[in-house]
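Breakdown of the fold
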Amino acid sequence: MIHDIAVGVDGSPASLAAALWAAQEAERRGTGLSVVHAWYRHVRSAPYVPADSTEHDWAERTLQEAVRTVRAAHPGLRVTERLVCDAPVTALVAAASDAEMLVLGSLGLGPASGFVTGSVSQRVVARSARPVVLVRAGRGAADEHLPAADGLAPEEIPRTPYREVVLGLNVEHPCDELIAWAFDAARRRGTGLRVVHACRTPARHTPVPSVPLPFTDVEDVPPEGQARGQALGDAERTVTAVLRPWREKYPAVPVTETVTEGRAAVVLVHAARDAGLLVVGRRTNGRRIGAHSGPVTHAVLHHVGCPVAVVPHD
């Protein structure tokens, strides 16, 4: 059964960017778009509500403005409106439960070059049973594509090749839902998939020489170097084995495998620098109370500029 894509809006530029990204994704998938705005009735009107308006009226206006913007940009798309009187996190998690995915906006790059997600977005990511995509403020449709050549008209940008999709893969806990989601995203965009695995190798016990030594035989390589090389080689073989059936299922998707020594969060932030979409997983283990997104997901949500899809899995 095909479900609509849901997007949460709150009147901010970030949520507008999310709504337009979600609309484009809905067209790619042949679904409709559900635009959701949650408002909460306070004892006194919230400070952002004008004196001549009620909280309900202001919420209705916020929702309608987002819907008008989406319909103007995507006139053929089926768009539904959902105005919910509830706590934002509760309303958005509920909206995600019967959607293909939920799309939310992020405020953009913070003062320390951090990706400001906001407490609502972080809590929704941690609790949602469906994939959640976070889109940075100021992100437009052209940003998903490779740089356009000089003189290219705006209407020609959609024909410019898409940037690649990057998948962060943990080979200790490979997940079919996560891998399938990333392959499908690359297929729909007609672009390549770069699969990145960060490998923790045995620690060095001796300084690494600044000039490579002229080793002539594997026996000449220091023991710690052999251990590191073996660890990287084992990881590369494991990644290849995990992806083999998916390459066969998606033969049209070009796949690049990258195994890098280092911390997963640092490696993924670097790998996603020129990507159109980063896909990471979030292990749920059946948790609902006290759910959290995990340190790697938390880090990439704060430091990656392209849209980030967080796919929950057991």
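Reading the values: rules and limits
- Residues numbered from 1 in each chain as written.
- Predicted model: local features only at pLDDT ≥ 70, side-chain atom pairs only at ≥ 80, totals over all residues.
- Heavy atoms only, no water.
- Helix = DSSP H or I, 4+ residues; strand = E, 2+ residues; numbered from the N terminus.
- Buried < 20%, exposed > 50% of the residue type's maximum accessible area, 1.4 Å probe, protein only.
- Contact = heavy atoms within 4.5 Å.
- Areas by Shrake-Rupley, 256 points an atom, 1.4 Å probe, with all protein chains shown as cover.
- Axes fitted to C-alpha atoms, helices over the stretch in contact; angles between N-to-C directions.
- Parallel < 35°, antiparallel > 145°, perpendicular 65-115°, else oblique.
- Left-handed = near helix turned anticlockwise from the far one by under 90°.
- Nonpolar A, V, L, I, M, F, W, Y, C, P; charged D, E, K, R; others polar.
- Pairing = 2+ DSSP bridges.
- Arc of directions from axis to C-beta.
- Phe/Tyr/Trp six-rings, centres within 6.5 Å; stacked < 30°, edge-to-face > 60°.
- Core = buried A, V, L, I, M, F, W, Y, C linked by side-chain atoms within 4.5 Å.
- Salt bridge = Lys/Arg side-chain N within 4 Å of Asp/Glu carboxyl O.
- Right-handed = clockwise from strand over helix to strand, strands pointing away.

**Notes on the overall build of the protein**
- When helices and strands are counted, the protein shows eight helices and twelve strands.
- Sorting the 314 residues of the protein into buried and exposed places 45% on the buried side.
- Here the analysis covers contacts within the protein between residues at least 6 apart in sequence; of these, 76% occur between residues at least 24 apart.
- Working note: accessible area of the protein is about 16200 Å², and carbon and sulfur atoms make up 54% of it.

**A short note on the packing of helix 1 (residues 13-29) against helix 2 (residues 55-73)**
- Packing of helix 1 against helix 2 brings their axes to within 10 Å, and their N-to-C directions diverge by 40°. On the basis of their axis angle, the class for helix 1 and helix 2 is oblique. You can see that helix 1 and helix 2 cross each other, and the crossing is right-handed. Across the interface between the two elements, Leu16, Ala19, Leu20 and Ala23 of helix 1 pack against Thr69, Val70 and Ala73 of helix 2.
- Residue classes in the contact of helix 1 with helix 2 are distributed as six nonpolar, one polar and no charged.

**Some details on the sheet that holds strand 7 (residues 132-136)**
- Spatial ordering of the open sheet is given by 3-2-1-4-7-12-11-8-9-10, a layout of ten strands whose pairing is mixed. Where the open sheet ends on each side, the last strands, each with one partner, are strand 3 (79-85) and strand 10 (255-261). Taken pair by pair, the neighbouring strands of this sheet meet at an average axis angle of 25°, ignoring direction.
- Pairing analysis gives four bridges linking strand 8 (residues 165-168) to strand 9 (residues 193-199), with the strands arranged parallel. Within strand 9, the residue paired with Gly168 across the bridge is Val196.

**With respect to helix 3 (residues 88-97)**
- Along helix 3, the residues that are buried comprise Val89, Ala91, Leu92, Ala95 and Ala96. Looking straight down helix 3, one finds its buried side chains confined to an arc of 165°; they lie on one side.
- In the core, the buried residues of helix 3 are packed alongside strand 1 (5-8), strand 2 (33-39), strand 3, strand 4 (102-106) and helix 4 (119-127).

**Remarks on the packing of helix 1 against helix 5 (residues 176-189)**
- Where helix 1 contacts helix 5, the axes come no closer than 10 Å and their chain directions differ by 85°. Taken together, the axes of helix 1 and helix 5 lie roughly perpendicular to each other. Residues Trp21, Glu25, Arg28 and Arg29 of helix 1 pack against Trp181, Asp184, Arg188 and Arg189 of helix 5.

**Some details on the packing of aromatic side chains**
- For the coordinates displayed, the defined rule picks out two aromatic pairs.
- For the pair Phe183 and Trp246, a centre-to-centre distance of 6.4 Å together with 25° between the ring planes defines the contact as stacked. You can see Phe183 sitting in helix 5 and its partner Trp246 sitting in helix 6 (residues 223-249), a full 63 residues away along the chain.
- On the basis of relative accessible area, Phe183 is assigned to the buried category, the value being 0%.

**Describing the environment of Ala141**
- Along the polypeptide, Ala141 turns up in the loop between strand 7 and strand 8.
- On a C-alpha basis, the gap between Ala141 and Ala17 in space is 9.1 Å, while along the polypeptide they are 124 residues apart.

**Quick look at the nonpolar core**
- Formed by 50 residues in total, the largest nonpolar core has its most connected members in Leu33, Val35, Val103, Trp181, Phe183, Leu193 and Val279.
- Residues within four places of Leu33 in sequence aside, it is in contact with Asp4, Ile5, Val7, Ala19, Ala22, Ala23, Ala26, Val70, Leu77, Arg78, Val79 and Thr80.
- Counting 29 residues, the second-largest nonpolar core is a separate cluster that includes Ala6, Val89, Ala95 and Ala99.

**A short note on the pattern of salt bridges**
- Summed over all chains, the structure comprises 13 salt bridges.
- For Glu25, the salt bridge goes to Arg29, with nearest N and O atoms at 2.7 Å. Within this pair, Glu25 and its partner Arg29 are both found in helix 1, separated by four residues, close to a single helical turn.
- Note on Glu25: relative accessible area 0%, which makes it buried.

**Some details on the pairing of strand 9**
- Among the seven residues that make up strand 9, six are buried, leaving the element largely enclosed by the rest of the structure.
- Chirality of the crossover, the property in question, places the unit of strand 8, helix 5 and strand 9 among those that are right-handed.

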